[in-house]
Amino acid sequence: MSLQIQTNVSLKPFNTFGVDVRARLFAEAHTDADIRQALAYAAEHKVELLVIGGGSNLLLTGDVDALVLRMTSRGIRIVHEDCDTAIVEAEAGEPWHPFVQETLARGMSGLENLSLIPGTVGAAPMQNIGAYGVELKDVFDSLIALDRQTGETREFSLIECAFGYRDSVFKHQVDRWLILRVRFRLSFSAKLKLDYGPVRQRLQEQGIKTPTPIHVSRAICSIRSEKLPDPAMLGNAGSFFKNPLVTAELAARIREAHPGVVAYPQADGQVKLAAGWLIEQAGWKGFRDGDAGVHALQSLVLVNYGAASGLDLLRLAKRIQADILERFGVSLEMEPNLY
Ligand code: FAD
Ligand code: NAP
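Residues numbered from 1 in each chain as written. Chains lettered and ligands numbered in written order. Predicted model: local features only at pLDDT ≥ 70, side-chain atom pairs only at ≥ 80, totals over all residues. Heavy atoms only, no water.

Chemist: Requested: an account of the site of ligand 1, with residues and values cited.
Modeler: By nearness alone, 36 residues border ligand 1, and Val-51, Gly-53, Ser-56, Thr-120 and Arg-224 come closest of all. Measuring from an oxygen atom of ligand 1, one finds a side-chain N or O atom of Ser-56 at 2.6 Å. Pro-118 places a main-chain nitrogen or oxygen 3.0 Å from an oxygen atom of ligand 1. Protein coverage of the free-state accessible area of ligand 1, which is 980 Å², stands at 95%. Listing elements by their share of the shell around ligand 1, those giving two or more residues are β3 (48-52), β8 (130-131), β12 (177-187) and β13 (235-239). By residue class, the composition of the shell around ligand 1 is 20 nonpolar, 14 polar and two charged. (Near = heavy atom within 4 Å. Polar contact = N/O pair within 3.5 Å; in protein donor to acceptor, adjacent residues only side chain to side chain. Areas by Shrake-Rupley, 256 points an atom, 1.4 Å probe, with all protein chains shown as cover. Helix = DSSP H or I, 4+ residues; strand = E, 2+ residues; numbered from the N terminus. Nonpolar A, V, L, I, M, F, W, Y, C, P; charged D, E, K, R; others polar.)

So this is what it looks like as structure tokens:
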């Protein structure tokens, strides 16, 4: 079937903030051939191409004058398996959490801490998704991306992806690389990462003494469901700000004034501050201005109570950034991708 291009399409169902903007053109790519067709169309009609997955890390600040291409390609396959390791490949359009569940059901470990993150496999390398002490890079094998400028495909190794904290080479070249499929290196012998207090605590509460990867996944799902708003009920894009990395001197100054500051020293001497703590301390938790607000349970999450526009949310984010800079001398960087 060839690519179906629609005009003037509402993007409200396709971004988890539920922001109501329109795309000039919209299509879904089920196959590599669809993607190539979309690229050819965009070049021929001199229109920008915006690739999206689940829309869970986007802030759309106005109508999108582009061809919005939603990745819907599917397929999960094992490309290598021995008694210890499996290399599993998934198509970019595979929804992330069901993919994680599938690997766990097949007895593979590695992705359990990344359970219940919304979005697609293809977007996961963009910001090197992370949660509860595991990042995508820890289980990454390689990926195949299409160079939008030349039409060639290229394989990226771990090093070539330049993964960092919520960062990758792709995030800095959004108009160049279209991720087609990703390979993960998973294990049949679980090496669980239980450093994050709430996970250990939840397993303890459940009376689980020797957890399996499935136990860890379930514990994380239950913590997340209690703490994070479900985008189907309340529009949001998860954490709106990255946790800032500051110098040890600045962290010490903040601790002097605020002994309760949540801070984690890093191997490179910097200190990671919990942005949510800073925002809560500054009194923003539960704040609401019209339909744009700060979640009542998790101050790192901005929410859309219904009719907030992307600009309303951006204005609120900027007020918070200015306030945190003034109070603590800390710059907060936005995490979602702005369009
Ligand atoms: P989209 O939002 O559709 O796109 C994100 C960016 O990637 C855009 O720039 C887009 O152009 C680009 N892109 C998408 N697909 C491709 C592709 N195939 N090739 C090239 N570029 C592409 N993130 C975390 O890291 N950890 C968390 O724990 C976490 N929890 C969340 C909880 C909630 C409730 C929500 C709403 C979000 C959370 N997020 C988290 C953020 C988000 O889910 C992830 O960043 C996710 O990987 C985004 O996937 P997506 O398919 O929705 O991407
Ligand atoms: P939390 O448990 O309230 O902890 C607050 C922050 O402290 C976290 O953001 C985390 O940083 C850091 N932290 C906690 N324990 C740590 C440890 N043992 N070592 C190092 N750092 C530690 O966090 P939360 O908001 O409920 O989120 C739980 C996890 O899910 C976090 O990893 C978070 O990143 C992830 N999450 C991400 C998003 C998103 O959209 N990006 C949304 C929801 C949840 P890190 O963020 O660096 O891990």
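Chemist: Break down the packing of aromatic side chains for me, with residues and values.
Modeler: In the structure shown here, the tally under the stated rule is twelve aromatic pairs. Above the ring of Phe-156, the side-chain terminus of Arg-154 is found at 4.1 Å from the ring centroid. The side chain of Arg-288 reaches across the aromatic face of Tyr-305, ending 4.0 Å from its centre. (Phe/Tyr/Trp six-rings, centres within 6.5 Å; stacked < 30°, edge-to-face > 60°. Lys NZ or Arg CZ within 6 Å of the ring centre and 35° of its normal.)

Chemist: Explain the domain arrangement of the protein chain to me, using residue names and the numbers behind them.
Modeler: Split by domain assignment, the protein chain resolves into domain 1 (6-71), domain 2 (76-226) and domain 3 (231-338). One C-alpha centre belongs to domain 1, the other to domain 3, and the line joining them spans 29 Å. In this assembly, eleven residues from domain 1 lie in contact with 19 residues from domain 3. Carbon and sulfur atoms make up 58% of the surface buried where domain 1 meets domain 3, a total of about 1100 Å² over both sides. Per-residue buried area on domain 1 facing domain 3 is highest for Phe-17, Asn-57 and Leu-59; these three make up 57% of the total on that side. The interface formed by domain 1 and domain 3 includes zero salt bridges. Of the residues belonging to the side of domain 1 that touches domain 3, the class tally is five nonpolar, five polar and one charged. (Domains from an automatic or database assignment. Contact = heavy atoms within 4.5 Å. Buried area = accessible area lost by both parts, 1.4 Å probe. Salt bridge = Lys/Arg side-chain N within 4 Å of Asp/Glu carboxyl O.)

Chemist: Quick rundown of the pattern of salt bridges? Include the residues and the values.
Modeler: Between side chains of opposite charge, a pair can form when the charged atoms approach closely. If you walk through the whole model with that rule in mind, you get 22 salt bridges. Each member of the salt-bridge network shares a partner with another, and the members are Asp-32, Arg-77, Glu-89, Glu-91, Arg-181 and Arg-183.

Chemist: Would you mind going over the sheet that holds strand β10 (residues 140-147) in detail, with residue names and values included?
Modeler: By definition, the strands of a sheet pair up through backbone hydrogen bonds, in either a parallel or an antiparallel sense. With antiparallel pairing, five strands are arranged side by side in an open sheet as β6-β7-β12-β10-β11. On the outer flanks of this sheet lie β6 (76-81) and β11 (153-157), each paired with one strand and no other. If you compare each strand with its neighbour and ignore which way they point, the axes differ by 20 degrees on average. With five bridges connecting them, β6 and strand β7 (residues 85-91) associate as antiparallel partners. Bridging from a neighbouring strand, Arg-77 pairs with Glu-89 of β7. Packed onto the sheet, helix α1 (residues 32-44) meets β10, β11 and β12 and runs at close to 150 degrees relative to β12. (Pairing = 2+ DSSP bridges. Axes fitted to C-alpha atoms, helices over the stretch in contact; angles between N-to-C directions.)

Chemist: Which residues make up the site of ligand 2, and what values go with them?
Modeler: Around ligand 2 lies a shell of 19 residues, among which Arg-166, Tyr-196, Lys-227, Lys-272 and Gln-298 are the nearest. Measuring from a nitrogen atom of ligand 2, one finds a side-chain N or O atom of Tyr-264 at 3.1 Å. Contact between ligand 2 and Lys-272: an oxygen atom at 2.7 Å from a side-chain N or O atom of the residue. In the complex, the protein chains occlude 81% of the 800 Å² of accessible area that ligand 2 would expose alone. Here the residues of the shell around ligand 2 are counted per class, giving eight nonpolar, five polar and six charged. Of the domains in this structure, domain 2 (76-226) and domain 3 (231-338) are the two that each give at least three residues to the shell around ligand 2.

Chemist: How would you explain the nonpolar core if you had to name every residue and give the values?
Modeler: Nonpolar side chains in soluble globular proteins tend to be buried together. Core analysis: the largest hydrophobic core is formed by 49 residues, its most contacted members being Leu-273, Ile-320 and Val-330. Top contributing element to this core by residue count: helix α8 (residues 310-328), with seven residues. Structurally, this core is a two-domain feature, drawing no fewer than three residues from each of domain 1 (6-71) and domain 3 (231-338). Look past the residues within four positions of Leu-273 in its chain and what remains in contact with it is Asn-243, Pro-244, Val-246, Ala-251, Ile-254, Val-261, Val-262, Ala-263, Leu-278 and Val-330. (Core = buried A, V, L, I, M, F, W, Y, C linked by side-chain atoms within 4.5 Å. Buried < 20%, exposed > 50% of the residue type's maximum accessible area, 1.4 Å probe, protein only.)

Chemist: Provide a residue-level description of the packing of helix α4 (residues 197-205) against helix α5 (residues 213-227), including the pertinent values.
Modeler: Contact geometry for α4 and α5: axes closest at 9 Å, N-to-C directions at 110 degrees. Comparing the axis directions of α4 and α5 gives the class roughly perpendicular. Where α4 abuts α5, its residues Pro-198, Val-199, Arg-202 and Leu-203 lie against His-215, Val-216, Ala-219, Ile-220, Ser-222, Ile-223 and Glu-226. Broken down by class, the residue content of the contact of α4 with α5 amounts to seven nonpolar, two polar and two charged. (Parallel < 35°, antiparallel > 145°, perpendicular 65-115°, else oblique.)

Chemist: I'd like a description of the environment of Arg-106, backed by residues and values.
Modeler: Along the chain, Arg-106 turns up in the loop between α2 (96-105) and β8. Among the residues examined, Arg-106 registers a relative accessible area of 37% and is labelled partly exposed. Through-space distance from the C-alpha of Arg-106 to that of Phe-188 is 9.1 Å; in sequence the pair is 82 residues apart. When neighbours within four sequence positions are excluded, Arg-106 is seen to be in contact with Ile-78 and Phe-188.

Chemist: Please set out the side chain of Arg-224 residue by residue, giving values where relevant.
Modeler: Here Arg-224 shows up in helix α5. For the buried Arg-224, which has no salt bridge, the nearest side chain bearing the opposite charge is Glu-335, at an N-O separation of 8.9 Å. In this structure, Arg-224 is in contact with Ser-115, Leu-116, Ile-117, Ala-131 and Tyr-132, ignoring residues within four places of it in sequence. (Lys, Arg positive; Asp, Glu negative; His and termini not counted.)

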